[in-house]
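Residues per chain are reported as follows:
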Amino acid sequence: QVQLVESGGGLVPPGGSLRLSCVASGDILRLNDVGWYRQTPGQQRELVAAISSGGSTNYADSVKGRFTISRDNAKRTVYLQMNSLKPEDAAVYYCNAKVVTASWRNLEVWGQGTLVTVSS
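Analysis parameters
Residues numbered from 1 in each chain as written. Predicted model: local features only at pLDDT ≥ 70, side-chain atom pairs only at ≥ 80, totals over all residues. Heavy atoms only, no water. Helix = DSSP H or I, 4+ residues; strand = E, 2+ residues; numbered from the N terminus. Buried < 20%, exposed > 50% of the residue type's maximum accessible area, 1.4 Å probe, protein only. Contact = heavy atoms within 4.5 Å. Salt bridge = Lys/Arg side-chain N within 4 Å of Asp/Glu carboxyl O. Pairing = 2+ DSSP bridges. Disulfide = S-S within 2.5 Å.

1. Re the environment of Leu20
- Structurally, Leu20 is set in strand β3 (residues 18-26).
- Relative accessible area serves as the criterion here: at 0%, Leu20 is assigned to the buried category.
- Along the primary structure Leu20 and Val78 are separated by 58 residues, whereas in three dimensions their C-alpha atoms are 8.3 Å apart.
- Excluding anything up to four places from it in sequence, Leu20 contacts Ser7, Gly8, Gly9, Trp36, Val78, Tyr79, Leu80, Met82, Tyr93, Thr114 and Val116.

2. Comments concerning the pattern of salt bridges
- The final tally for this structure, using the stated rule, is 4 salt bridges.
- Ionic pairing is found between Arg38 and Asp89, a salt bridge with its closest N-O pair at 2.9 Å. Highlighted residues: Arg38 in strand β4 (residues 28-39) and Asp89 in the loop between β8 (77-82) and β9 (91-101), separated in sequence by 51 residues. With respect to class, Arg38 is no different from Asp89; both count as buried.
- Put simply, Asp61 and Lys64 hold a salt bridge, and the shortest N to O gap is 3.1 Å.

3. Concerning the pairing of strand β10 (residues 106-110)
- As paired strands, β9 and β10 are joined by 5 bridges and run antiparallel to one another. Among the inter-strand pairings, Val100 is bridged to a residue of β10, identified as Asn106.
- Counted along the chain from β9 to the antiparallel partner β10, the turn is 4 residues long, and its residue Trp104 has a positive phi close to 65°.

4. A few points about the state of the cysteines
- Using the criterion set out here, one finds 1 disulfide in the structure.
- The disulfide partner of Cys22 is Cys95, and the S-S distance across this bridge is 2.0 Å. Classification of the bridge connecting Cys22 and Cys95 rests on its S-S torsion, roughly -80°, and on that basis the disulfide is left-handed. Here Cys22 is found in strand β3, whereas its partner Cys95 is found in strand β9, with 73 residues between them in sequence.
- Residue class for Cys22 comes out buried when judged on its relative accessible area of 2%.

In structure tokens form, the structure reads like this:
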């Protein structure tokens, strides 16, 4: 079994910051590409930021310069540092990871999501 657990969401005023964490656990041989997505009611889930196993990153235009994705491979953890938050950043944020299990299966796994609210 492979599990992703997100944390770090909460209520923050406009202009504030939050750091989300995504911890991978279970039968993992290798943690490959990891992405942070977000979704609001009635909208499709959208990619916010992604990081490859080698550390290459890409961001949605709407968050460039404000959000930073990083990873700690030893801890199997991926972070999303969100600065200068705007009301339109409010959403449920999900972590998605492509993993190779110890039995050499390729899996794509989603976390349960963490809610980010941006409001004064």
